[in-house]
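# Report on the structure
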Amino acid sequence: MSTTGGMFAVLKEKVGQVLVPGDEFCFGAEETISLSESAKPERAVCGPGLRRSGDRLVVMKSGVLRHKPPLTFWIDSQQKRYVATKGETVIGIVTARAGDTFRVDFGGSELASLSYLAFEGATKRNRPNVQVGDLVFAQFLIANKDMEPELVCIDGSGRANGMGAFGAGGLLIKVSLGLVRRLLAPNSDIRLDLEQLFPCELVVGMNGRVWVRASSVQQTLIVANLLQSCDTMTTQQRQQLFRRVQQGAL
Amino acid sequence: MEVSAPSNVSLREFGCEQSLLSRPDGSASFVQGDTSVMAGVYGPAEVKVSKEIYDRATLEVLVQPKVGLPSVRERSQEQCVRETCEEALLLTLHPRSSLTLVLQVLHDDGSLLSCCLNAACMALMDAGLPMSCLFCGVTCAISAYGQIITDPTSAQEKESRALMTFAIDSKERKVMMSSTKGSFSVHELQQCVAVSQRASERIFQFYRDSVRRRYSKSL
């Protein structure tokens, strides 16, 4: 008996299509209930932009419906404002020192707190060298609509794992959240195109902030401008532009 | 009560562009004939302590007229738009934050409030704010001879006996907000609601096409 047939077929049909808020999918009671088979109840995972309301699934953001087997669905939307999510890594700006925590601006609706002990190798004696105005790459330990967000620069085992305060140099730019997700996707085509240009360092925060450093200021600026223009280009346009840059036309 | 209304609903040509401004989190411009409104949405952002609501977001709507400072007329439009948006948005998902919607009137040639509502909906959608449904605005004018004109121009508005604007939701085509001026009978009101509901179908289809066009590059 295929239970997937009735329930999620409608949703799977819509994968890759553009949906708008208010679109509904009804998962009513199944017509056939098998008593002999002890089939496991199917569980669908609703990602960003989808919401369960009773026996219906309601779309609450406009965007493209995406699907990942077996039953994970989400809406891929282009937006600019970041909403903190637990476990995501972001680039923050230290705005103040308050006692034994730093206040970090990550582009959300409030400031996050970052304890000075949440750095690799930090102890009560050995404080990290972080000043107001510095950039930090950190991940959310607490991100909840009802609580103050909290950042840490260590993973579960106390290692920095690439996180911490940034060194000198480089340039911080802001791009859309959709572009950030495209950059971070495995085998991202934008990243592959960029790798072929010239060596550069990229730090991508889920909050839409991207830090770039290449061997010269000129190259850093080229990479920054290319990234910012990626949002409004189709794949062909982008590849054409990258080819022109490679030939030294720009 | 059975309401009969003319089957063809005429609306002026409308057009829309989303995310045309770089600074706001969401923006849209909406054009209905010669009436044109630009909308910008900021948020969820930090909120002033005095305006903080502990279990939902604070929505602020500002209507900027083409010339001069906002007055009583703009205040009433702000209230109509704000109450409609509050109904459509899922504000409880962003407690203790602020949402600001700025509507700049670029040109007024009738049906301004409905154009403001349409621009607001497109801008909120562009900002990616969680919404339970979409909404659209439809203006109906009743001429001196009792004829219903949808989406009137300013000249038609001036000649009309009554003027009504409805906000219609996309789920059940229910009336979310109504703003009326002039004298009319109950029957005429019901006819206007029915006409607006029919007109809303076309606007919602246009919304969908316009969003699809916007996401065409990431399909």
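So, how was this worked out
Residues numbered from 1 in each chain as written. Chains lettered and ligands numbered in written order. Predicted model: local features only at pLDDT ≥ 70, side-chain atom pairs only at ≥ 80, totals over all residues. Heavy atoms only, no water. Helix = DSSP H or I, 4+ residues; strand = E, 2+ residues; numbered from the N terminus. Buried < 20%, exposed > 50% of the residue type's maximum accessible area, 1.4 Å probe, protein only. Contact = heavy atoms within 4.5 Å. Polar contact = N/O pair within 3.5 Å; in protein donor to acceptor, adjacent residues only side chain to side chain. Buried area = accessible area lost by both parts, 1.4 Å probe. Nonpolar A, V, L, I, M, F, W, Y, C, P; charged D, E, K, R; others polar. Pairing = 2+ DSSP bridges. Axes fitted to C-alpha atoms, helices over the stretch in contact; angles between N-to-C directions. Phe/Tyr/Trp six-rings, centres within 6.5 Å; stacked < 30°, edge-to-face > 60°. Lys NZ or Arg CZ within 6 Å of the ring centre and 35° of its normal. UniProt positions renumbered as here; feature names shortened; annotations may be inferred. Left-handed = near helix turned anticlockwise from the far one by under 90°. Domains from an automatic or database assignment. Salt bridge = Lys/Arg side-chain N within 4 Å of Asp/Glu carboxyl O. Expected span 1.5 Å × (residues − 1). Arc of directions from axis to C-beta.

With that settled, consider the overall build of chain A. Each helix and strand in chain A was counted, giving 5 helices and 16 strands. Along the first, second and third principal axes, the C-alpha atoms of chain A reach 65 × 55 × 30 Å. Relative to its 250 residues, chain A shows a buried fraction of 41%. Of the contacts formed within chain A by residues at least 6 apart in sequence, a portion of 63% connects residues at least 24 apart.

Next up on the list: the side chain of Glu188(B). Residue and element names in this part refer to chain B. Within the element layout of this structure, Glu188 appears in helix H4 (residues 186–214). A polar side-chain atom of Glu188 sits 3.0 Å from the main-chain amide nitrogen of Ser185. Setting aside residues up to four positions removed in sequence, Glu188 forms contacts with Ile142, Gly146 and Arg161.

Contacts between chain A and chain B engage 32 residues on the former and 35 residues on the latter. Summing both sides of the interface, chain A and chain B together bury roughly 2,700 Å²; the carbon and sulfur share of this comes to 54%. For chain A, the biggest contributors to the area lost against chain B are Val18(A), Lys80(A) and Arg81(A); these three give 23% of the whole. Viewed at the interface, chain B and chain A are joined by 13 residue pairs in polar contact (both at pLDDT 80 or more). The set of elements that each furnish at least two residues to the side of chain A that touches chain B consists of strand E5 (56–59) and strand E6 (63–68) of chain A. Considering every element that reaches the side of chain A that touches chain B, the biggest residue donor is E6(A), with 3 residues. When grouped by side-chain class, the residues that make up the side of chain A that touches chain B number 10 nonpolar, 11 polar and 11 charged.

Neighbouring strands of a sheet are bound in pairs by backbone hydrogen bonds; such pairs are parallel or else antiparallel. Residues and elements named next belong to chain A. An order of E2-E5-E4 is seen for the 3 strands of this open sheet, with the pairing classed as antiparallel. Looking at the sheet topology across the chains shown, the edges are occupied by strand E2 (24–26) and strand E4 (50–53). When strand polarity is set aside, the average angle formed by the axes of neighbouring strands in this sheet is 25 degrees.

With the rule as written, the count across this model stands at 10 aromatic pairs over all chains. Considering the side-chain rings of Phe30(B) and Tyr207(B), the 6.4 Å spacing of their centres and the 90 degrees angle between planes classify their relative orientation as edge-to-face. Taken together, the positions of Phe30(B) in strand E2 (residues 26–32) and Tyr207(B) in helix H4 put the pair 177 residues apart, joining distant regions of the chain. Each member of the pair, Phe30(B) as well as Tyr207(B), is classed as buried. An aromatic cluster is defined as three or more aromatic residues linked by ring pairs; in this entry it consists of Phe14(B), Phe30(B), Phe204(B), Phe206(B) and Tyr207(B). Lying across the ring of Tyr116(A), Arg127(A) places its NZ or CZ 3.9 Å from the centre.

Moving on to the sheet that holds strand E7 (residues 72–76) of chain A. Residue and element names in this part refer to chain A. Across the sheet, which stays open at both edges, the 4 strands sit in the order E1-E6-E7-E3 with mixed pairing between neighbours. The outermost strands of the open sheet, each flanked by one partner alone, are strand E1 (18–19) and strand E3 (45–46). The pairing of E1 with E6 spans 2 bridges and is antiparallel. Bridge pairing in E6 links Leu19 to Gly63.

If you check UniProt for "domain: K Homology" (unreviewed entry), the listed places come out as residues 170–218 of chain A in our numbering. With 35% helix and 31% strand, residues 170–218 of chain A has end C-alpha atoms that lie 11 Å from one another.

A separate point is the packing of helix H2 (residues 112–126) of chain B against H4(B). Residues and elements named next belong to chain B. Put simply, H2 and H4 touch, their axes get as near as 12 Å, and they point 35 degrees apart. The two elements H2 and H4 cross, and the hand of that crossing is right-handed. For the pair H2 and H4, the contacting residues are Asn118, Cys121, Met122, Met125 and Asp126 in the first and Ile203, Tyr207, Ser210, Val211 and Arg214 in the second. The residue inventory of the contact of H2 with H4, partitioned by class, reads 6 nonpolar, 2 polar and 2 charged.

Below, the discussion takes up the domain arrangement of chain A. Residues and elements named next belong to chain A. The assigned domain composition of chain A is domain 1 (4–76), domain 2 (89–165) and domain 3 (171–246). One C-alpha centre belongs to domain 2, the other to domain 3, and the line joining them spans 26 Å. Across the interface of domain 2 and domain 3, roughly 690 Å² is buried in total on both sides, 63% from carbon and sulfur atoms. Counting across the domain 2 and domain 3 interface gives 1 salt bridge. The shortest N-O distance in the salt bridge between Arg209 and Asp105 comes to 3.2 Å. On inspection of domain 2 and its partner domain 3, the count reaches 5 residue pairs in polar contact (both at pLDDT 80 or more). Residue assignment for the side of domain 2 that touches domain 3 shows that the elements contributing at least two residues are strand E8 (89–98) and strand E11 (135–144). With 5 residues, the top contributor of residues to the side of domain 2 that touches domain 3 is E8. Of the residues in the side of domain 2 that touches domain 3, the class split is 6 nonpolar, 3 polar and 1 charged.

For a regular strand, the rule is simple: side chains alternate between the two faces of the sheet. All names here are of chain A. Along strand E16 (residues 209–214), 5 of the 6 residues are buried, which leaves the element largely enclosed by surrounding structure. With 5 bridges joining them, strand E15 (residues 200–204) and E16 adopt antiparallel strand pairing. Within E16, the position partnered with Glu201 by the bridge is Arg213. Between E15 and E16, which follow one another and run antiparallel, lie 4 residues, and Gly208 among them has a positive phi close to 90 degrees.

This next bit is on helix H5 (residues 235–246) of chain A. Residue and element names in this part refer to chain A. Its 12 residues give H5 an end-to-end C-alpha distance of 16 Å, which sits within 8% of 16 Å, the value for a rise of 1.5 Å per residue. For H5, the complete set of buried residues consists of Arg238, Leu241, Phe242 and Val245. End-on view of H5: buried residues confined to an arc of 100 degrees, all on one side of the axis. Buried positions along H5 lie against helix H2 (177–184), helix H3 (189–195) and helix H4 (217–230). Downstream of H5 by one or two residues, Gly248 has phi in the positive range, about 80 degrees.

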